[in-house]
Structure formats: structure tokens, C-alpha cells
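Here is what each chain is made of, one letter per residue.
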Amino acid sequence: MRSSEATDPDAGPGPVLTVGSTAVIYLLDDERVVRRYREQHDLSREVEIMRHLGAHGFPVPEVFAAHGLDLEMERLHGPTLLQSLAAGETGIPEAGHLLADLHRRLHAVPPPPGERDGVVHLALHPANVILSERHGPVLVDWEVARTGPAALDVAVTAVIIAEVAVDEDDVEYSKAARALLAAFLTAADDDPVPHLAQAVRIRGEDPSLVPGETALVEPAAELVRHFCTL
Ligand SMILES: Nc1ncnc2c1ncn2[C@@H]1O[C@H](COP(=O)(O)OP(=O)(O)O)[C@@H](O)[C@H]1O
Ligand SMILES: [Mg+2]
């Protein structure tokens, strides 16, 4: 459905880099991209969180400007962790460590002014990590980030990986996800089990899930529980 010019990728500020469920990413030039939301959306929380984290040395793209539905930020050069895993450039144990390390660093950042809890990303998975040539691993996609308990963030990551592990459509992919889940849970500091119910609710609200994927969320949480009680 095309309700306005802004929802038409052809009418964007540059070539389309990726089309996501809620936003399209356009290339502006070699240094900048624009994340443009398709629907009315308040960018202020996302921008505040990214700036807060950047100011504390956490690896996020630098925000250059935010106006209307557009978030203009630093363009990162490099594959996502998912692409790197698929290409065999990053091994599964290494990827598990890398994800756990990003959680640790994120949750070590002091809470934003006036907040009790620190920032949680709530979608910290391999497609949201860009292995930047210049900065090392950088975490993108701060749309659903907010403040909350660190272990909830770990629980959401574990459930997302486990969704792939319990999906029997692709056996090889499923096996790799199982191994990544084990590596991540071993490397992570926090116990996700007390937060699994909340993680399931958060995953159920993900607008990018199709009905078949929603059915994987509960079995995924069960798999995480199983791995944590071994
Ligand atoms: N700042 C950036 N620089 C380069 N590529 C980016 C940047 N932000 C996002 N991307 C690419 O676009 C993809 C989608 O971006 P993301 O913010 O995760 O949106 P969504 O998952 O909602 O589609 C990422 O996986 C990454 O490949
Ligand atoms: Mg994403």
C-alpha cells in the first residue's frame, strides 16, 4: 500500500540499501545512510539512546540528524555478523562471544539521565551487528531499545537465536543456530531464565514476524530454558 510519497522506496533520498519491516535504509553517500520509517513514528527515544551510548564509547553509528521519519546516520562498511557467519569468516564460538561481549559492554553503560535501569537493545542478534572495518563490531537497529534489566536483553537474544534453532525448515541452519545458542549462553553473564516469559511477549510483538514464525517463539523459549538447566 502506498499512502504517501515517503512510503515509496523509489522516492527515497538515494539508492535503497535494505527494505525492512518498519523502515527502509537508503544510501546517501559513502559516509551516510538514512533510516526512513514507513509510518508515523517518534524517533526521539531512539536518537537519545544512540547519542547516550555513543557518548559513553559504546559502538553505535553516529547520528547526524533526525527529522520527521528520517534518521540520518554514519554509514558502516563491512558485513553483518550474520553474513560473516554464513560466509564462514566468523566461527560460531567466536560469534557467541562477540554477542555476549556486546551485551556486557552495553549493560556497563550508565543509565540515561533520570533513568534507574540501563539501556537494553531487545533485538541484539547477528543481523543487527555490523563488523565495521573502522570500528569493529557496531550495533544497529535501535528502534525497540529502551531501559530495562540486562538479563532481559540476554533472554531476548537467546529466544531469537532459538527461534532459528527450533525451525526445522532448514536443518543445517537450525543446527548452526543451536550451536550459536549454546556458545552465547555459555559466554553471557546473566541468567535469562527469569525473563523468558517477558522475552516471549516482546518477540510476539515483533512486526517483522510472519505467523509461522510467531509459532516458534514458545518452543524457542523452552529450548533456552532447557539449555540453561543442563
Ligand atoms: N548505519 C548503517 N551503515 C551500513 N549499513 C547499515 C546501517 N544501518 C543498517 N544497515 C544495514 O541495513 C540492515 C537493516 O537495518 P536495521 O537498522 O537492522 O533495520 P531493520 O532490521 O528494521 O530492517 C542492517 O542489517 C545492515 O545490513
Ligand atoms: Mg535489524
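Residues numbered from 1 in each chain as written. Chains lettered and ligands numbered in written order. Predicted model: local features only at pLDDT ≥ 70, side-chain atom pairs only at ≥ 80, totals over all residues. Heavy atoms only, no water.

A few points about the overall build of the chain
Here's step 1: Along the backbone of the chain there are eight helices and nine strands.
Here's step 2: Rg of the C-alpha trace for the chain: 17 Å, near the compact-globule value of 17 Å for 230 residues, within the 12% margin.
Here's step 3: Overall, the C-alpha framework of the chain stretches about 50 × 40 × 35 Å when taken along its three principal axes.
Here's step 4: The proportion of buried residues among the 230 residues of the chain is 46%.
Here's step 5: Residue pairs at least 24 apart in sequence account for 64% of intrachain contacts in the chain once pairs closer than 6 positions are excluded.
Here's step 6: For the chain, the accessible area works out to roughly 11500 Å², and carbon and sulfur atoms hold 52% of it.
Here's step 7: Placing the 18 positive and 37 negative side-chain charges of the chain at their respective mean positions leaves the two points 2 Å apart. (Helix = DSSP H or I, 4+ residues; strand = E, 2+ residues; numbered from the N terminus. Rg over C-alpha atoms; globule rule 2.2 N^0.38 Å. Buried < 20%, exposed > 50% of the residue type's maximum accessible area, 1.4 Å probe, protein only. Contact = heavy atoms within 4.5 Å. Areas by Shrake-Rupley, 256 points an atom, 1.4 Å probe, with all protein chains shown as cover. Lys, Arg positive; Asp, Glu negative; His and termini not counted. Charge placed at Lys NZ, Arg CZ, Asp CG, Glu CD.)

A few points about the domain arrangement of the chain
Here's step 1: When its domains are assigned, the chain resolves into domain 1 (5-74) and domain 2 (81-228).
Here's step 2: Computed from C-alpha coordinates alone, the two centres of domain 1 and domain 2 are separated by 22 Å.
Here's step 3: Between domain 1 and domain 2 the total buried area reaches about 1700 Å² when both faces are included, carbon and sulfur atoms providing 67% of it.
Here's step 4: Among the residues domain 1 hides against domain 2, the three largest losses belong to H52, F58 and P59. Together they make up 32% of the total.
Here's step 5: Summed over the shared surface of domain 1 and domain 2, the result is three salt bridges.
Here's step 6: Measuring nitrogen to oxygen at the nearest pair gives 3.0 Å for the salt bridge that ties E143 to R35.
Here's step 7: Contributing elements (two or more residues each) for the side of domain 1 that touches domain 2: β3 (32-37) and α1 (44-55).
Here's step 8: With six residues, the top contributor of residues to the side of domain 1 that touches domain 2 is α1.
Here's step 9: In terms of residue class, the side of domain 1 that touches domain 2 is made up of eight nonpolar, five polar and five charged. (Domains from an automatic or database assignment. Buried area = accessible area lost by both parts, 1.4 Å probe. Salt bridge = Lys/Arg side-chain N within 4 Å of Asp/Glu carboxyl O. Nonpolar A, V, L, I, M, F, W, Y, C, P; charged D, E, K, R; others polar.)

Looking at the environment of A86
Here's step 1: Note that A86 resides in helix α2 (residues 81-86).
Here's step 2: Put simply, A86 and P211 are 125 residues apart on the chain and 25 Å apart in space, counted from C-alpha to C-alpha.

So, the sheet that holds strand β2 (residues 23-27)
Here's step 1: Strand order across the open sheet formed by five strands is β1-β2-β3-β5-β4, with antiparallel pairing between neighbours. The sheet terminates laterally at β1 (16-19) and β4 (63-67), the two strands that pair on one side only. The sheet shows a mean angle of 15° between the axes of neighbouring strands, taken without regard to direction.
Here's step 2: Of the strand pairs in this sheet, β4 and strand β5 (residues 70-74) are connected by four bridges, and their pairing is antiparallel. Its bridge partner lying in β5, A66 is registered against L71.
Here's step 3: On the sheet, α1 packs against β3, β4 and β5 and is oriented at approximately 165° with respect to β4. (Pairing = 2+ DSSP bridges. Axes fitted to C-alpha atoms, helices over the stretch in contact; angles between N-to-C directions.)

What about the coordination of the magnesium ion (ligand 2)?
Ideal geometry at a metal gives 109.5 degrees between four tetrahedral donors and either 90 or 180 degrees between six octahedral ones.
Here's step 1: Taken together, the protein donors to the magnesium ion (ligand 2) comprise N128 (OD1) and D141 (OD), at separations of 2.1 to 2.2 Å. Residue N128 is located in the loop between β6 (119-120) and β7 (129-132), and its partner D141 is located in the loop between β8 (136-139) and β9 (146-147); the two are separated by 13 residues in the primary sequence.
Here's step 2: Judged by its relative accessible area of 6%, N128 falls in the buried class.
Here's step 3: In this structure D141 comes out as partly exposed when scored by relative accessible area, which is 26%. (Donors = N, O, S within 2.8 Å, 3.2 Å for Na, K, Ca; no water.)

Things to note about unusual backbone geometry
Here's step 1: At L122, a position not held by glycine, the phi torsion is positive, near 70°.
Here's step 2: Turning to its location among the elements, L122 is positioned in the loop between β6 and β7.
Here's step 3: Of note, the phi angle at D141 is positive, near 70°, even though the residue is not glycine.

A few points about the packing of helix α4 (residues 150-166) against helix α5 (residues 171-187)
Here's step 1: In contact at an axis separation of 7 Å, α4 and α5 are set at 160° when each is read in the N-to-C sense. With respect to each other, α4 and α5 are oriented roughly antiparallel. Two packed elements cross with a definite hand, and for α4 against α5 that hand is left-handed. Between α4, through V154, T157, A158, I161, A162, V164 and A165, and α5, the contact on the second element is made entirely by Y173, S174, A177, R178, L180, L181, F184 and L185. (Parallel < 35°, antiparallel > 145°, perpendicular 65-115°, else oblique. Left-handed = near helix turned anticlockwise from the far one by under 90°.)

Structural notes on the pattern of salt bridges
Here's step 1: Enumeration according to the criterion identifies 14 salt bridges in this entry.
Here's step 2: D30 is paired through a salt bridge with R75; the nearest N and O atoms lie 3.5 Å apart. In this pair, D30 sits in the loop between β2 and β3 while R75 sits in the loop between β5 and α2, placing the two residues 45 residues apart along the sequence.
Here's step 3: Owing to a relative accessible area of 45%, D30 belongs among the partly exposed residues under this scheme.
Here's step 4: Overall, the relative accessible area of 22% leaves R75 in the partly exposed class.
Here's step 5: We note a salt bridge from R225 to E222, for which the minimum N-O separation is 3.3 Å. Of the two residues, R225 and E222 are both situated in helix α8 (residues 217-228); the distance of three residues between them amounts to about one turn of the helix.
Here's step 6: Since its relative accessible area comes to 32%, R225 is described here as partly exposed.

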